[in-house]
Structure formats: C-alpha cells, structure tokens
Amino acid sequence: MNHVCVGDLAIKMRTGPFGSQLLHSEFVDSGVAVIGIDNVVKNHFAWGQPRFISIEKYSELSRFTVQPGDVLITIMGTCGRSAVVPEGVPTSITSKHLCAITLDTNRCLANYLHTCLKQPDVQRQLVQREKGAIMPGLNMQMIKELRIPLPILPEQQRIADILDRAEALRAKRRASLVRLTELTQALLRSAASKGDYQTIGKFVSLRSGFAFKSEDFQSQGCPVIRISNLSDGYVKLENAARVPEHLLGKGSTHKIEAGDIVIAMSGATTGKIARVPNNLAEPIYLNQRVGKLHFAHSGLLEDYLFEWARTLEFQKDVLDLAAGAAQPNISPSNFETIRIPIPPLPLQQEFARRVEAIDRLKAKHRQSLAEMDALFLSLQHRAFRGEL
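A. Spatial organisation of the overall build of the protein chain. Of the regular secondary structure elements, the protein chain holds 9 helices and 22 strands. Projected onto the principal axes, the alpha-carbon positions of the protein chain cover approximately 70 × 50 × 40 Å. A buried classification covers 44% of the 388 residues belonging to the protein chain. Taking the contacts inside the protein chain whose residues are at least 6 apart along the sequence as the reference set, 77% of them involve residues at least 24 apart.

Laid out in structure tokens, this is it:
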C-alpha cells in the first residue's frame, strides 16, 4: 500500500493563537467558541464546556477558524489525540494546544485520517518525534512528516467504517463497566446512610509490610508487593519484585492471602487501596510502605470496608492525616482513628451479596473487552496492510 506524508494531503494546517494574540483576560461568557484539548483528548469530539471570545476578537483571529470535517490533533499536554470536527458545530477557533488539518478530500477522508492517527505505528511516530524535540510537545512540521498508508477513497471509507463499528462495540462495553461501578456506589451510599459513624480501629488494625532489602530483589522467587503493584483496586503481580525463598528471613511472616485488603501508607498515592486476587498461584509477601488490614471484629465486613475505603470521603480522611511531613505518610495508629459509617451487619451482608453479583458481571465484561481489544488490534494491523 502506498504511504504518504500527512502534509501532502492537507489544503491547510494551522495551530491556534499564541501568546499576546489571545490573552486569558479576553475570554468571555458567550460568543465564538475556542476549542481546546478537553474537546479532543478522548479521541472523539466532545463539546463539553468550551471557552468563548467576543465577536470583535474573533474578527482578529478568524484565520484560526475550524470547520466541519477538519481533523484536530493535540500538540501539547496529552499529545497525539485526535478528533474530527462534526457537522453542526458553531463558528469556533482552536486553541494553541491543537493543530487543525483541512484535508484535500479528493485524496484523503477525514474519518480515515482520524482512524490512521490512532493506529500504533502512527502513535509510535508521534512519540519518537516528541522525544526528539527540544521543547515538550509536537509542532506542525512533525505532524506534516507523519507517514500513513493511503488506499483509494472507497477503501479508506470501508476501513474507517469497519474500525468505527469495532470501536463502538468497545465503547459500549466500557460504558457498561462504568454503569456497574456507579451501581455499586449507589448501593454503598444507601447502606452507609443507615449506619452510625464509628472509629475504624474498633474493627480493624493496620500492619505495615516488611523492609525487604532491594539488593535481594531478583528475577526469580516469591513476589513482593510494593505500592506500584496496587492498581485500579487490585493487586497486580505483573512486574512484581521477587525475593528467593531462602532470603525471605523475617519477611516470611508478612505473607498475604487471597482476598486480603492492602493500602499504600506513604508517598503521592497514600490511601490507595487494593485487594489481593483470588487466583493466587504462589505465596506473596508485603513490602514496607504497604499495609494489610486485619479484621478483629465481626461487626465490619471486608467487602463493605473495601468499597467504602475507595470513596472520596475516606481518601480525604487518609490524606488529611498523612499531610504535614515532607512526604505524605500515615501510621497504623493514625489510620485506626478514621471514622466511617457502619450500617447494621445484615445490611452489610446484603450489600456484599449484591456487590458480588455485580463483580461477576464486571469480570465477564472485562474479559469480553479484552477479547474486543485484541480483535481491534488485529483489525488495525490487517486494515493498514490491505488485508481486510
């Protein structure tokens, strides 16, 4: 398949006004919209909350006007995200953080270029160009030099349609996961509203991990869980540090089990909470700066506390206690002073049953999404090699 530079397909390319061309003080409550990164960063056009300039100011900046069908690319901040300006968008200009491309549609379709910009090969080109730049970000010359495969127009449309349909299915699955998470949060708020605030230390204690020696970390051995292994509510064993069993020493008493709840006790992510997965294939151990919750009272269920510990209210309580030092840090004794709403045990049990059912659904959705992601990558690979 023939490859061409993006700059050869454009009628015009431009970024938004820089420096004194548009001052922050010149934004107004209504008028002509200024499209920015927030409108593009999710790889689709989202109207959101644009800023505005007056009609008079627009007369000075009209050369930065975007029109339906233009392709927008983020060039600062989160670079390389793109979107097509849809029909019906009112008169607007771009901010300095975007590059707008008006294409020669006799050679390249906007939705095809947008699809190309999301494929891994093109994203790698963008990353390489950004890393090689003196200043962070992209510029128009870098974008002009991007090389993309260019089939005939009907084939461009077919490729874009196939990948758009596949992406729509992925988006629906992601939206389903969001709705299930929102359902869990609604159930939690309902249960919590029927409880009294009590000190968490009446029900649980926090025990920090062991100070394993970094020189003992090797490629083989028992996984040691550090703060970096806490992600999205789960303990992730990928890239975990490992210590040979004969070097565990006193650290062997810091073994954690499936279902245990652990929390980051220091650093920028103090309060980050995670649960150990149920499908452990080997014993794992807890490093210092990560603590394990030990439940000493039957009046508080692990499932209820885990969900409450992920709320903004709880996270704020942790950070308030951790503040004051050069680096945020929370001690077990401070942690145990936090007060949380504790509903009657039958309500916690009902909450746990319903969340368990929701989690089963989420697991199925995640598996389905992973399969869709793999299929999408395969479609991308084949599409831009003329194999679809």
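B. Representation of the nonpolar core within the structure. Among the nonpolar cores identified, the biggest contains 35 residues, and Val71, Ile101, Leu103, Tyr112, Leu113, Ile143 and Ile148 are the most heavily contacted of them. Contributions of two or more residues to this core are made by strand S2 (10-15), strand S6 (71-74), strand S9 (98-103), helix H2 (110-118), helix H3 (120-131), helix H4 (140-144), helix H5 (153-192) and helix H9 (345-383). Counting residues per element, this core draws most heavily on H2, at 5 residues. Ignoring sequence-local partners within four residues, the contact set of isoleucine 101 consists of Val6, Ala10, Lys12, Met13, Arg14, Asp70, Val71, Ile73, Leu113 and Ile143. Of all hydrophobic cores here, the second largest spans 31 residues; its members include Ala191, Leu305, Trp308 and Val355.

C. A look at the state of the cysteines. Applying the stated rule across the entire model yields 0 disulfides. Residue cysteine 99 stays outside any disulfide, its sulfur separated by 12 Å from that of cysteine 79, the closest cysteine. On the accessibility criterion, cysteine 99 (0% relative accessible area) is buried.

What counts and how
Residues numbered from 1 in each chain as written. Predicted model: local features only at pLDDT ≥ 70, side-chain atom pairs only at ≥ 80, totals over all residues. Heavy atoms only, no water. Helix = DSSP H or I, 4+ residues; strand = E, 2+ residues; numbered from the N terminus. Buried < 20%, exposed > 50% of the residue type's maximum accessible area, 1.4 Å probe, protein only. Contact = heavy atoms within 4.5 Å. Core = buried A, V, L, I, M, F, W, Y, C linked by side-chain atoms within 4.5 Å. Disulfide = S-S within 2.5 Å.

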